[in-house]
Amino acid sequence: MACLPSDDILGSTGVSVLLTLTTPTTLEDVAQQTRLPLFRVRGTVRRLLEAGLTHQVGQMFEITPAGIETLEKKGREDKQQLQL
Amino acid sequence: MEAKAKQEVGEAHHLPRIGEPAPDFEAESTFGNIRLEDFRGSWLIFFSHPADFTPVCTTEFAAFAEIQDELKQINVNLMGLSVDSVMAHIAWVRNIEEKFGLEIQFPVIADSDRKVANLYGMIMPGESKTETARCVFVIDPDGILRALIYYPMTTGRNMQELLRLVRALQTTDEHTVSTPANWQPGDAVIVPPPRTQELAEERLREGYDCKDWYFCQKAV
């Protein structure tokens, strides 16, 4: 275990998965849209669920207000990085 | 007497066997926390290696990377494991990319507490009490363990054999047949032998390429 806990759950994979969840979507459709292997989508969505960034309705998953906020925050940070 | 014998050999642990469900687990990996169930619906070659930053293991990872696209095309994923930390895995994977120009596109489990290694019997105490041997578990889309291979630390695995093995298992599932020694995709396959005398008589008239009633082959 690292000496510091990692709080970075939203790498590029997490971002691309979250971006597909703006409307309720199945994991299979997420895999197709992101071109990620299904096992990777399952693990990523599980972490997003645990972080409260997405929620599940039946077989579908959708971004939460916290997920939208996190995406917006990340967008602002990336923009700032580009300006530096 | 029996209790003493049990005590001497340690508590018996049921290791996974062919035809049984592969034991589920959740573990830390280079792709974040991962569960075996995440791979449902696709084939999985789950393998262990002794240690990161060692030469034979490095040749194996490079060789796995070379066949990863071919495996994807036949719905097969790869997942590695050793007792090294996830930080060591990340550093090693990056090193392979830098030194060999090969991107490792599959997760590698950091099994520092040997939980998964013990669950799958990956440690061979006669060889090393701490490192995992070169084990391969082929798991089908339903999570059933279909094949096991164990190699010692000194001997790197043969990727063409792994490809052949998975293709043979897929052919068996698709056509309800067996595959003969040294079978390669495109070769004739073995038709299951008849189980009654009546069927044995009929078998020879069914149009297969038969040496005898119990030994019939066909193309697939």
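Residues take numbers from 1 onward in each chain, read along the sequence in its written order. Chain letters start at A and ligand numbers start at 1, both assigned in the order the entries are written. With pLDDT at 70 or above as the cut-off, local features in this predicted model cover only qualifying residues; side-chain atom pairs require 80 or more to be listed or tallied, and sums for whole chains, interfaces and linings still use all residues.

A. Main features of the overall build of chain A. When helices and strands are tallied, chain A shows 4 helices and 3 strands. Only DSSP runs of H or I covering at least 4 residues are called helices, and only runs of E covering at least 2 are called strands; the numbering of each starts at the N terminus. Taken from N to C terminus, the helices and strands of chain A fall in the order α-β-α-α-β-β-α. Partly exposed residues are those whose C-beta has more than 12 but fewer than 20 other C-beta atoms within 10 Å; 20 or more makes a residue buried and 12 or fewer makes it exposed, with C-beta atoms placed from the backbone. Out of the 84 residues belonging to chain A, those deemed buried represent 26%.

B. Geometry of the interface of chain A and chain B. Any pair of residues counts as being in contact when their C-beta atoms, constructed from backbone geometry, are within 7 Å of one another. Taken together, the contact between chain A and chain B spans 8 residues of the former and 10 residues of the latter. Only Asp, Glu, Lys and Arg are considered charged in this grouping, and only Ala, Val, Leu, Ile, Met, Phe, Trp, Tyr, Cys and Pro are considered nonpolar; every other residue, Gly among them, is considered polar. Across the side of chain A that touches chain B, the residue classes break down as 4 nonpolar, 1 polar and 3 charged.

C. Summary view of helix α1 (residues 12-20) of chain A. Residues and elements named next belong to chain A. Among the residues making up α1, those that are buried are Gly14, Val17 and Leu18. Relative to the axis of α1, the buried residues are bounded by an arc of 100° and lie together on one face. Buried residues along α1 sit against α2 (27-34), α3 (38-50), β2 (54-57), β3 (60-63) and α4 (65-83). The arc refers to the directions leading from the helix axis to the C-beta atoms.

D. The arrangement of the domain arrangement of chain B in detail. Start and end points for every domain follow an automatic or database-based domain assignment. Split into domains, chain B comes out as domain 1 (11-156) and domain 2 (176-220). Placing a centre on the C-alpha atoms of domain 1 of chain B and another on those of domain 2 of chain B gives a separation of 35 Å.

E. Region of interest: the environment of Leu119(B). Residues and elements named next belong to chain B. Relative to the assigned elements, Leu119 resides in helix α4 (residues 115-120). Counting along the chain gives 97 residues from Leu119 to Ala22, while the straight-line C-alpha distance between them is 9.7 Å. Excluding residues that lie within four positions of it along the chain, Leu119 makes contacts with Pro23 and Phe25.

F. Focus on the nonpolar core. In this usage, the nonpolar core is the set of buried Ala, Val, Leu, Ile, Met, Phe, Trp, Tyr and Cys residues whose C-beta atoms join them within 7 Å. Within the largest apolar cluster, 42 residues are counted, with the highest numbers of intra-cluster contacts made by Leu44(B), Ile45(B), Phe46(B), Ile109(B), Phe137(B) and Ile139(B). Residue assignment for this core shows that the elements contributing at least two residues are β3 (43-48), α2 (55-73), β4 (76-82), α3 (86-100), β5 (108-110), α4, β6 (134-139) and α5 (159-175) of chain B.

G. Expanded view of the sheet that holds strand β9 (residues 209-212) of chain B. Residue and element names in this part refer to chain B. Here we have 3 strands laid out as an open sheet, ordered β8-β10-β9, and antiparallel in their pairing. At either margin of the open sheet sits one strand with a lone partner, and together these are β8 (189-190) and β9. One ladder, built from 3 bridges, connects β9 with strand β10 (residues 215-218); its direction is antiparallel. Within β10, the residue paired with Asp212 across the bridge is Phe215. DSSP-based pairing: two strands are paired if at least 2 bridges between them are found.

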